[in-house]
Amino acid sequence: MWVGIVTIFPEVFRALTEHGVVSRAIAEGIVELQFEDPRNHTTDRHQSVDDRPYGGGPGMVMKVAPLMAAIAVLKAGAPAPPKVIYLSPQGRVLDQRKAEALARESALILIAGRYEGVDERLLDRCVDEEISIGDFVMSGGELPAMVLLDAVARHLPGTLGNSESAVQESHRAGVLDCPHYTRPEEMLGARVPAVLLSGDHASIERYRRLVALARTYERRPDLLTGRALTAAERELLGVYFADPRSGRVDGQVE
Ligand code: SAM
């Protein structure tokens, strides 16, 4: 996947390009990033990308021309027509389904705003979609763009090694993830649930699905109300409702 990024702070992205899963995806050619700084497309001495808002009020607004020129440079370098996304607290809130859908695109352009935001005319004319990372306001679009990139990259074939399989992750199948344990068997006065040490893979799988469902019901019931439950999920929830201790991490599935 090719991703062009419009930002006045390209160096901030080093957190992603030099560490962890996304940096490996870049090294392996699964993800290709191209940055374009709108300051490179200014004409004044101060390389201003912002100006005062018409109508007055606090803060500055990002100007159309430098952003438009940066988008044009990125489009020219894209291997396929890119979907242009503006990271914005006014956009649709990013979720797992959206991250999976974006991973099916071959090219994206992400615009990271600053100040009070971007001149509305650029959004109307040059942006396909606005995406928010949550109902709060950040100081710039760089961190939101990194959040989106990381969440999307995890769905690209080859990005995650076997040891990092996304199959069990929270939200993947509409439920939260089950709890995880590693050595030692006893720690902080608590033992690893015995079923996980049993070597009985069917029981382990059933236990994990039961605890994951119970956890989702207790912490995020909204995730279950929005969709039809499978027969297996209904059966497991029945076990949990009959004895809520079965869904606790130290519970056992008979
Ligand atoms: N005045 C804008 C508003 O209230 O909608 C907020 C501007 S914010 C201070 C500066 C930039 O941060 C925005 O242009 C956007 O790119 C980014 N940003 C802030 N919060 C965000 C969020 N929740 N999701 C995505 N991007 C966000």
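Residues numbered from 1 in each chain as written. Predicted model: local features only at pLDDT ≥ 70, side-chain atom pairs only at ≥ 80, totals over all residues. Heavy atoms only, no water.

Student: How would you explain the packing of aromatic side chains if you had to name every residue and give the values?
Tutor: Within the structure shown, the criterion is met by four aromatic pairs. On the basis of an interplanar angle of 55 degrees and a centroid distance of 5.2 Å, the ring pair of phenylalanine 13 and phenylalanine 35 is categorised as tilted. Residue phenylalanine 13 is found in the loop between β1 (2–6) and α1 (14–17), and its partner phenylalanine 35 is found in strand β2 (residues 32–36); the two are separated by 22 residues along the sequence. Taking relative accessible area as the criterion, phenylalanine 13 reaches 1% and is therefore assigned buried. Relative accessible area serves as the criterion here: at 29%, phenylalanine 35 is assigned to the partly exposed category. Relative to tyrosine 240, the ring of tyrosine 217 has its centre 5.8 Å away and its plane inclined at 70 degrees; by these criteria the two rings are edge-to-face. Taken together, the residues tyrosine 217 in helix α7 (residues 201–219) and tyrosine 240 in helix α9 (residues 231–242) connect sequence positions 23 residues apart. Since its relative accessible area comes to 38%, tyrosine 217 is described here as partly exposed. In this structure an aromatic cluster arises from ring pairing among Tyr217, Tyr240 and Phe241. (Phe/Tyr/Trp six-rings, centres within 6.5 Å; stacked < 30°, edge-to-face > 60°. Helix = DSSP H or I, 4+ residues; strand = E, 2+ residues; numbered from the N terminus. Buried < 20%, exposed > 50% of the residue type's maximum accessible area, 1.4 Å probe, protein only.)

Student: So, the site of the ligand: which residues are in play, and what are the values?
Tutor: What surrounds the ligand is a group of 21 residues, the closest being Tyr86, Leu87, Gln90, Glu116 and Phe136. Note that an oxygen atom of the ligand is positioned 3.0 Å from one of the backbone N or O atoms of glycine 113. Within the backbone of glycine 140, an N or O atom sits 3.4 Å from an oxygen atom of the ligand. Starting from 590 Å² of accessible surface for the ligand in isolation, the protein chains cover 86%. Top contributing element to the shell around the ligand by residue count: strand β5 (residues 83–93), with five residues. When its residues are assigned to classes, the shell around the ligand shows ten nonpolar, nine polar and two charged. (Near = heavy atom within 4 Å. Polar contact = N/O pair within 3.5 Å; in protein donor to acceptor, adjacent residues only side chain to side chain. Areas by Shrake-Rupley, 256 points an atom, 1.4 Å probe, with all protein chains shown as cover. Nonpolar A, V, L, I, M, F, W, Y, C, P; charged D, E, K, R; others polar.)

Student: Could you give an account of the pattern of salt bridges, naming the residues involved and the relevant values?
Tutor: Tallied over the full model, the rule gives 13 salt bridges. A salt bridge links glutamate 142 to arginine 114; its shortest N-O distance comes to 2.9 Å. Taken together, the positions of glutamate 142 in helix α6 (residues 142–153) and arginine 114 in the loop between β6 (107–112) and α5 (120–126) put the pair 28 residues apart, joining distant regions of the chain. Close ionic contact of arginine 245 with aspartate 243 constitutes a salt bridge, the shortest N to O distance being 3.2 Å. Put simply, Lys83, Lys98, Glu105 and Glu129 are held in one network by salt bridges that share partners. (Salt bridge = Lys/Arg side-chain N within 4 Å of Asp/Glu carboxyl O.)

Student: An account of the pairing of β5 is needed here, citing residue identities and associated values.
Tutor: Where β5 lies against β6, five bridges are found, and the strand directions are parallel. When the bridges of β6 are listed, tyrosine 86 appears paired with isoleucine 111. Where β5 meets strand β7 (residues 129–132), five bridges bridge the pair, whose relative direction is parallel. Pairing of arginine 92 across the sheet is with isoleucine 131, part of β7. (Pairing = 2+ DSSP bridges.)

Student: Report on helix α3 (residues 64–77), specifying residues and quantitative values.
Tutor: For α3, built from 14 residues, the straight-helix expectation of 20 Å at 1.5 Å per residue is met to within 8% by its first-to-last C-alpha distance of 20 Å. Turning to α3, its buried residues number three or more, namely Pro66, Leu67, Ala70, Ile71 and Leu74. Seen from one end, α3 has its buried residues packed into an arc of 135 degrees, which puts them on one side. Of the exposed residues in α3, those oriented more than 90 degrees away from the buried face are Ala65 and Ala76. Where α3 is buried, its residues meet β1, β2, β4 (61–62), β6 and α5. (Expected span 1.5 Å × (residues − 1). Arc of directions from axis to C-beta. Contact = heavy atoms within 4.5 Å.)

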